[in-house]
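Understanding the architecture of this molecule
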Amino acid sequence: GKCCPGNTLVLALQLYFVLFVCLALNFIYVLPSPNLFGLPDWKMVFQVITENTPSHQAAGKMLEEKRRNLFWTPCAAYCIDQMLSDFVKIKWVGECLEKGQRITKFIYNRMWLLTLMKKEFTGWQELLRPSVTRCASNFTTLQSLLDHRVGLKRMFQSNKWLSSRFSKLEEGKEVEKIVLSVSF
């Protein structure tokens, strides 16, 4: 038979919303039953997934103590994001990300340059790679810069770039230097 009757995805989303609100208001321990919110009985809820902050850990522990059939689990995406945040604290990793952000900000803040890059050097592909979390997006964008480094080097050596007003800007010279460096 079925483990959990009804639409479990809707249940999970509703329960997550209820728990998020309750955790934010710090009154999770007074929740006698999810029926108050139109949800099924607690016996049908077997896992709660939240961020892994100290307050969420404490609330998860309280839930597990109050409801023996309930298990609290930290969100994997949140945990991975925390690990990536720790990597950023390593000096050379942080510097690498900062250079990548300087490149993408410079290009994306200049429509002419962005169009030139896409049209002639990346095959209309974006450098920015959104991901589940901000920190993960930084690393996926860094990978994208690596994937497009040949095209970016060609762009910053092209006559169109060299004759543009952007190549004369101090910021343009700095970004060009980063992209044309041997370590890029």
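Up top you'll find the structure we're talking about.
Figured I'd write up the structure that's included with this text. (Residues numbered from 1 in each chain as written. Predicted model: local features only at pLDDT ≥ 70, side-chain atom pairs only at ≥ 80, totals over all residues. Heavy atoms only, no water.)

Comments concerning the pairing of strand S1 (residues 47-50)
- Where burial is concerned, the two faces of S1 differ: the one with Val 48 and Thr 50 is buried and the one with Gln 47 and Ile 49 is not.
- Bridging between S1 and strand S2 (residues 71-74) involves four bridges; their strand directions are parallel. Within the sheet, the bridge partner assigned to Gln 47 lies in S2 and is Phe 71.
- With helix H2 (residues 54-66) bridging S1 and the parallel S2, this β-α-β connection has right-handed handedness. (Buried < 20%, exposed > 50% of the residue type's maximum accessible area, 1.4 Å probe, protein only. Helix = DSSP H or I, 4+ residues; strand = E, 2+ residues; numbered from the N terminus. Pairing = 2+ DSSP bridges. Right-handed = clockwise from strand over helix to strand, strands pointing away.)

What about the packing of aromatic side chains?
- In total, this model carries three aromatic pairs according to the counting rule given.
- Pairing Trp 112 with Phe 166 gives two aromatic rings, centres 5.9 Å apart and planes at 35°, and the pair type is tilted. Here Trp 112 is found in helix H5 (residues 111-121), whereas its partner Phe 166 is found in the loop between helix H8 (159-162) and helix H9 (170-180), with 54 residues between them in sequence.
- Through successive ring pairs, a cluster of aromatic residues spans Phe 106, Phe 156 and Trp 161. (Phe/Tyr/Trp six-rings, centres within 6.5 Å; stacked < 30°, edge-to-face > 60°.)

A short note on the nonpolar core
- With 19 residues, the main nonpolar core has Ile 103, Ile 107, Leu 152 and Met 155 as its most contacted residues.
- Those elements that place two or more of their residues in this core are helix H4 (91-108), H5, helix H7 (149-157) and H9.
- Apart from the residues lying within four places of it in its own chain, the contact partners of Ile 103 are Leu 145, Val 175, Ile 178, Val 179 and Phe 184. (Core = buried A, V, L, I, M, F, W, Y, C linked by side-chain atoms within 4.5 Å. Contact = heavy atoms within 4.5 Å.)

Concerning H5
- Among all positions in H5, only Leu 113, Leu 114, Leu 116, Met 117, Lys 118 and Phe 121 are buried.
- Looking at the buried positions of H5, the neighbouring elements they touch are H4, H7 and H8.
- A positive phi of about 60° marks Gly 123, the residue just after H5.

With respect to the side chain of Ser 158
- When you line up the elements, Ser 158 lands in the loop between H7 and H8.
- At 3.2 Å, the side chain of Ser 158 forms a polar contact with the backbone nitrogen of Trp 161. (Polar contact = N/O pair within 3.5 Å; in protein donor to acceptor, adjacent residues only side chain to side chain.)

Focus: unusual backbone geometry
- Unlike most non-glycine residues, Trp 124 shows phi in positive territory, near 65°.
- Inspection of the secondary structure puts Trp 124 in the loop between H5 and helix H6 (134-147).

Looking at H6
- A rise of 1.5 Å per residue sets the reference length of H6, with its 14 residues, at 20 Å; its end C-alpha atoms lie 20 Å apart and thus fit the reference within 8%.
- Among the residues of H6, Cys 135, Ala 136, Ser 137, Asn 138, Thr 141, Ser 144 and Leu 145 are the ones counted as buried.
- The inward-facing, buried residues of H6 contact helix H3 (76-88), H4 and H7. (Expected span 1.5 Å × (residues − 1).)

Let's talk about the pattern of salt bridges
- Enumeration according to the criterion identifies seven salt bridges in this entry.
- Across the salt bridge formed by Glu 171 and Arg 110, the nearest N and O atoms sit 3.3 Å from each other. Of the two residues, Glu 171 is situated in helix H9 and Arg 110 in the loop between H4 and H5; the sequence distance between them amounts to 61 residues.
- The network of salt bridges with common partners includes Glu 98, Arg 102 and Glu 174. (Salt bridge = Lys/Arg side-chain N within 4 Å of Asp/Glu carboxyl O.)

Looking at the packing of H4 against H9
- It is the contact of H4 with H9, at a shortest axis distance of 10 Å, that shows an interaxial angle of 125°. Judged on the interaxial angle alone, H9 and H4 are oblique. Crossing hand, H4 versus H9: left-handed. Residues Lys 99, Arg 102, Ile 103 and Phe 106 of H4 touch H9, and the partners they reach there are Glu 171, Gly 172, Glu 174, Val 175, Ile 178 and Val 179.
- When grouped by side-chain class, the residues that make up the contact of H4 with H9 number five nonpolar, one polar and four charged. (Axes fitted to C-alpha atoms, helices over the stretch in contact; angles between N-to-C directions. Parallel < 35°, antiparallel > 145°, perpendicular 65-115°, else oblique. Left-handed = near helix turned anticlockwise from the far one by under 90°. Nonpolar A, V, L, I, M, F, W, Y, C, P; charged D, E, K, R; others polar.)

None of the figures reported here should be taken as evidence of function without further support.
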